Each structure stands twice: as C-alpha cells, then as structure tokens.
Amino acid sequence: MTQSDELRKQVERQVRRMKKAERERPTLLGQTVYIGTLGLLLVLPVVAGAYLGQWIDSLASEYSSRWTVSLILVGVMIGAINVYLFVRE
C-alpha cells in the first residue's frame with residue numbers, strides 16, 4: 001500500500017466524519033433542554049441542602065446558620081459532581 005493510498009483513505013474517513021457531524025447537529029430545542037438539565041443538576045442539590053439546613057437549624061436554635069451554610073456548600077459540591085458526570089457521558 002502506497003503513501004498516497006493511505007492519505008486518500010484518511011481523507012475519505014475525515015470527510016465521512018464531517019458529513020456525519022453535519023447531519024447530527026443538535027437543534028436549538030435540544031441544546032435548550034441540555035442546558036436546562038445541567039441547571040437542574042446543579043441547582044437542586046443546593047436548594048435541597050438549604051432547606052434541610054434550615055430545618056436542622058430550626059430544631060437547634062443555638063446554632064443559627066451553621067447547618068444551613070454547611071449543607072449549601074455540600075449541595076454545591078454534589079451539584080458540581082452531577083454536572084461533571086453528566087457532561088462526561
């Protein structure tokens with residue numbers, strides 16, 4: 001097999017990949033749903049942590065905001081991990 005044959009096959013393979021990428025381009029609706037899913041994956045753990053922390057703080061009135069702030073930070077970390085794992089797929 002000559003070098004020109006290898007080059008031709010490589011170019012043909014790249015052309016097929018480019019045509020496939022052009023056909024499978026995501027639509028505006030698909031991109032909107034994807035971004036919305038990412039937002040929910042990030043925000044829901046933060047909100048859940050805030051509500052859970054507020055409930056725990058209401059049970060123990062001596063520590064006014066310690067649990068709320070801590071669980072919000074845990075929610076941010078969990079949300080970031082969720083987004084990372086979702087994007088990685």
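**Q** Can you walk me through helix α3 (residues 66–88) in this structure?
**A** Look at α3: 33 Å from first C-alpha to last across 23 residues, which is about the 33 Å you get at 1.5 Å a residue. Along α3, the positions that sit buried rather than exposed are Thr68, Leu71, Gly75 and Gly79. Looking at the buried side of α3, the elements it contacts are α2 (28–59).

**Q** What am I meant to see in the side chain of Thr68 here?
**A** The topology assignment puts Thr68 in helix α3. Judged by its relative accessible area of 13%, Thr68 falls in the buried class. Ignoring any residue separated from it by four or fewer positions in sequence, one finds Thr68 in contact with Ala50, Gly53, Gln54 and Asp57.

**Q** Which parts of the structure should I look at to understand the pattern of salt bridges?
**A** Applying the stated criterion across every chain yields a total of 2 salt bridges. Here Asp5 and Arg8 are joined by a salt bridge, their closest N and O atoms 3.4 Å apart. Remark: Arg8 and Asp5 occur in helix α1 (residues 3–23); sequence separation between them is 3 residues, near one turn of the helix. The exposure class assigned to Asp5 is partly exposed, which follows from its relative accessible area of 26%. Its relative accessible area of 45% is what places Arg8 among the partly exposed residues. Among the salt bridges present, the one from Glu12 reaches Arg8, with a minimum N-O distance of 3.6 Å. Of this pair, Glu12 and Arg8 both sit in helix α1, separated by 4 residues, roughly a single helical turn.

The rules we used
Residues numbered from 1 in each chain as written. Predicted model: local features only at pLDDT ≥ 70, side-chain atom pairs only at ≥ 80, totals over all residues. Heavy atoms only, no water. Helix = DSSP H or I, 4+ residues; strand = E, 2+ residues; numbered from the N terminus. Expected span 1.5 Å × (residues − 1). Buried < 20%, exposed > 50% of the residue type's maximum accessible area, 1.4 Å probe, protein only. Contact = heavy atoms within 4.5 Å. Salt bridge = Lys/Arg side-chain N within 4 Å of Asp/Glu carboxyl O.

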